Amino acid sequence: MDSKRSIGSIQVGQMSRASDLRDAVANAIQTALPTANVQTTVVANYAPEELDDPVIAVRVARRVITVEMGPSSRLVDIEIAIMARNPAQSGFPTDAKTEYRAVEIAAADTHDDLVESIIALWTPATVLAREQLSGHRLNELTQEVALDVPTYYENGLYFTTITIQFFDQLDED
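Since the structure is predicted, the reported quantities are computational estimates derived from the model, not experimental observations. (Residues numbered from 1 in each chain as written. Predicted model: local features only at pLDDT ≥ 70, side-chain atom pairs only at ≥ 80, totals over all residues. Heavy atoms only, no water.)

Caption draft 1: Spotlight on the overall build of the chain. Helix and strand counts for the chain come out as 4 helices and 7 strands. Looking at the chain as a whole, 39% of its 173 residues are labelled buried. Split by element, the accessible area of the chain, about 10,200 Å² in all, is 51% carbon and sulfur. (Helix = DSSP H or I, 4+ residues; strand = E, 2+ residues; numbered from the N terminus. Buried < 20%, exposed > 50% of the residue type's maximum accessible area, 1.4 Å probe, protein only. Areas by Shrake-Rupley, 256 points an atom, 1.4 Å probe, with all protein chains shown as cover.)

Caption draft 2: Representation of unusual backbone geometry. Of the consecutive residues Thr-123 and Pro-124, the connecting peptide bond is found in the cis state with omega at -15 degrees. Residue position: Pro-124 is located in the loop between α2 (98-119) and α3 (127-130). Despite not being glycine, Ser-134 has its phi angle at roughly 55 degrees, a positive value. Its place among the elements puts Ser-134 in the loop between α3 and β6 (136-145). The class for Ser-134 is partly exposed, based on a relative accessible area of 26%.

Caption draft 3: How the structure looks around the nonpolar core. Within the largest apolar cluster, 29 residues are counted, with the highest numbers of intra-cluster contacts made by Val-25, Ile-29, Ile-56, Ile-80 and Trp-122. Of all elements in the fold, only α1 (17-32), β4 (55-66), β5 (73-85), α2 and β7 (157-168) reach the threshold of two or more residues within this core. The element contributing the most residues to this core is α1, with 6 residues. Among residues more than four places away in sequence, those in contact with Ile-29 are Val-38, Ile-56, Val-58, Ile-80, Ile-118, Leu-121 and Trp-122. (Core = buried A, V, L, I, M, F, W, Y, C linked by side-chain atoms within 4.5 Å. Contact = heavy atoms within 4.5 Å.)

Written as structure tokens, this is what we have:
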């Protein structure tokens, strides 16, 4: 596979299998959710004002290569960060009122619906779950809700990650 990438007018070397997989995951999400803002990234570093519309940032999180008394196996974790900013009224409440909580929950539920849409691309046993994606097959999918309370109250940021672990089928050849 000759996967070369250009940055401006600069041609960079061949991409790794993990990078190919990252791009394939981002493309699968973008195809299924054409109005979503899907980006590949190294670090999901967005300012609050960039998150008025949700951002889906896809990156290679880690690789685990096991070498035992036989062929090695490679697992690649692709992390999908879903980040959004809740409406302005969801800043730190001076009075914890029912109305405040209702707005906050409604915003979080809207973002969680986006998360569910991404998870539904792979579960249950969808085409993406059964077939190879860039030479890899689905192994595991987990979601972690990351809540940094001061950042949440200061900026109203919603942040969660989905980690999809893939088995590199190169090891089966």
